[in-house]
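# Commentary on secondary and tertiary structure
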Amino acid sequence: MPTIEESLREAALRLKRVSERPRLEAEILMAHLLGKSRIWLHTHADEALEDPEAYEALVGRREKSEPIEYITGRVSFYDTELEVGEGVLIARPETELLVDMAAEVIRHHGIRRMCEIGVGSGAVSIVLARKFPHLRITATDISDKALAYARRNVAAHGLSDRIETVKADLMEGIDEAFDLVVSNPPYICEAFLLPHSVRYEPKDALIGGEKGDELLCRIIDTCRTRRIPHLVCEMGYDQRASIAAYCRLRGLPEPKFYKDLAGLDRGFYLQLKSEK
């Protein structure tokens, strides 16, 4: 029977093809299997692994490029642990920048009512609700699977009284007035070849249309029609020109674009209505 350390070494070698952090991912899978911390693995490295077949199965799934978040059923976003799985988009580090921009707008303008379009696992709404105890959020999605994950995560963080999850296409059927809309919508174009790992995730949460920015334009129009003063969206790195042109076409101000850590355009803030 192999030891924990021997199993980790073998797994790390196997995961080199699909992972930039093979040893780390080997440890994450082992810790998940045993229900222990990674530190515990290091202090018990010479102990026998009692169920090597179960570990082999987890490593085999990751070898096929299945996201490690789906295998463990967990993702860490900002300072928040969330349940994820098949049928819901995995919250990514660059979306933390969307939270930062939204938080800046909430703070500066005293936002109290917010709508998130495309709630997914609930990551963005949950983090913002935790940051701002006065904030009340309505979060929409068209996916029943995503909404199920969002509701469980909202409940797990004790926020069911402040975050309402609603099945809706954008904001259809919701009559309430909002001060701010936040969204990380699908914005990849149909022709883009998705990496193998991303192909496990729901396509309708990734592909925005033929050009990719169609849903972003719909969201802008929705906010304009409903006279919602503030909008913060994530977008593709190559969509700055098209979004700026669309805002000009609609007679709207120039958006404030923000960049990710690689220096690429990643989102925008649009103030649609001047405050009195």
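Let me sum up the structure you'll find in this document.

### Topic: the overall build of the protein chain
- Looking only at helices and strands, the protein chain features 10 helices and 11 strands.
- In terms of overall size, the protein chain behaves like a compact globule, its C-alpha atoms giving a radius of gyration of 21 Å where 276 residues would be expected to give roughly 19 Å.
- With the principal axes as the frame, the protein chain shows a C-alpha extent of 70 × 40 × 30 Å.
- Taken across its 276 residues, the protein chain has 53% of its residues classed as buried.
- A separation of at least 24 residues holds for 65% of the contacts in the protein chain among residues at least 6 apart in sequence.
- Working note: accessible area of the protein chain is about 13,800 Å², and carbon and sulfur atoms make up 51% of it.
- Of the charged side chains in the protein chain, 39 are positive and 46 negative, and the gap between their average positions amounts to 5 Å.

### Examining the side chain of Arg113
- With respect to the helices, strands and loops of the structure, Arg113 is situated in strand β3 (residues 113–117).
- In this structure the side chain of Arg113 is engaged in a polar contact, spanning 2.5 Å, whose partner is the backbone oxygen of Arg136.
- With sequence-adjacent residues up to four places away left out, Arg113 is seen in contact with Leu135, Arg136, Ile137, Thr138, Glu176, Ala177, Phe178, Asp179 and Leu180.

### A closer look at unusual backbone geometry
- A positive phi angle, near 55°, is found at Tyr78, a position not held by glycine.
- Relative to the elements of secondary structure, Tyr78 occurs in the loop between β1 (74–77) and β2 (80–83).
- The partly exposed category is assigned to Tyr78, whose relative accessible area is 27%.
- For Arg227, which is not glycine, the phi torsion reads 60° and is therefore positive.
- With respect to the element layout, Arg227 can be found in the loop between α9 (214–226) and β9 (230–234).

### Here's the deal with the pairing of strand β6 (residues 180–183)
- Of the two faces of β6, the one lined by Leu180 and Val182 and the one lined by Val181 and Ser183 are each fully buried.
- In the sheet, β3 pairs with β6 via 4 bridges, with the strands oriented parallel. Bridging across to β6, Glu116 finds its partner in Val182.
- Examined bridge by bridge, β6 and β9 share 4 bridges and lie parallel to one another. Each bridged residue has a counterpart across the sheet, and for Val182 the counterpart in β9 is Val232.

### Section: the sheet that holds strand β10 (residues 256–259)
- If you walk across this open sheet you meet the 7 strands as β5-β4-β3-β6-β9-β11-β10, and the pairing is mixed. Because the sheet does not close on itself, it has two edges, and the strands there are β5 (163–167) and β10. Each strand of the sheet is rotated relative to its neighbour by a mean of 20°, with strand direction disregarded.
- Relative to the sheet, helix α10 (residues 240–249) contacts β10 and β11 (265–271), its axis offset from that of β10 by approximately 165°.

### Examining the nonpolar core
- Formed by 41 residues in total, the largest nonpolar core has its most connected members in Phe77, Leu128, Leu135, Ile163, Leu180, Val182 and Val232.
- Elements with a minimum of two residues in this core: β1, α6 (95–109), α7 (123–131), β4 (136–141), α8 (144–156) and β6.
- No other element matches α6, which puts 8 residues into this core.
- With sequence-adjacent residues up to four places away left out, Val232 is seen in contact with Leu98, Met101, Ala102, Val105, Leu180, Val181, Val182, Ser183, Phe268 and Tyr269.
- Judged by nonpolar contacts, the second largest core, of 28 residues, contains Cys217, Cys223, Tyr246 and Leu270.

### Some remarks on helix α2 (residues 22–34)
- Relative to the 18 Å expected for 13 residues at 1.5 Å per residue, α2 spans 18 Å between its end C-alpha atoms, a close match to the ideal helical length.
- Within the sequence span of α2, burial applies to Pro22, Glu25, Ala26, Glu27, Leu29, Met30 and Ala31.
- Check the buried side of α2 and you find it contacts α1 (4–15), α3 (38–43), α4 (52–63) and α5 (68–72).
- Just downstream of α2, Gly35 is the residue with a positive phi angle, here 70°.

### Re the packing of aromatic side chains
- Counted by the stated rule, this structure contains 2 aromatic pairs.
- The side chain of Arg152 reaches across the aromatic face of Tyr149, ending 4.7 Å from its centre.

### Concerning the pairing of β11
- Taken across its 7 residues, β11 has 6 buried, putting it largely inside the fold.
- Looking at chain direction, β9 and β11 are connected through 5 bridges and run antiparallel. Bridging from a neighbouring strand, Cys233 pairs with Phe268 of β11.
- Connecting β10 to the antiparallel partner β11 that follows it, the hairpin turn spans 5 residues, and Gly263 within it adopts a positive phi of roughly 85°.

About the cut-offs
- Residues numbered from 1 in each chain as written.
- Predicted model: local features only at pLDDT ≥ 70, side-chain atom pairs only at ≥ 80, totals over all residues.
- Heavy atoms only, no water.
- Helix = DSSP H or I, 4+ residues; strand = E, 2+ residues; numbered from the N terminus.
- Rg over C-alpha atoms; globule rule 2.2 N^0.38 Å.
- Buried < 20%, exposed > 50% of the residue type's maximum accessible area, 1.4 Å probe, protein only.
- Contact = heavy atoms within 4.5 Å.
- Areas by Shrake-Rupley, 256 points an atom, 1.4 Å probe, with all protein chains shown as cover.
- Lys, Arg positive; Asp, Glu negative; His and termini not counted.
- Charge placed at Lys NZ, Arg CZ, Asp CG, Glu CD.
- Polar contact = N/O pair within 3.5 Å; in protein donor to acceptor, adjacent residues only side chain to side chain.
- Pairing = 2+ DSSP bridges.
- Axes fitted to C-alpha atoms, helices over the stretch in contact; angles between N-to-C directions.
- Core = buried A, V, L, I, M, F, W, Y, C linked by side-chain atoms within 4.5 Å.
- Expected span 1.5 Å × (residues − 1).
- Phe/Tyr/Trp six-rings, centres within 6.5 Å; stacked < 30°, edge-to-face > 60°.
- Lys NZ or Arg CZ within 6 Å of the ring centre and 35° of its normal.

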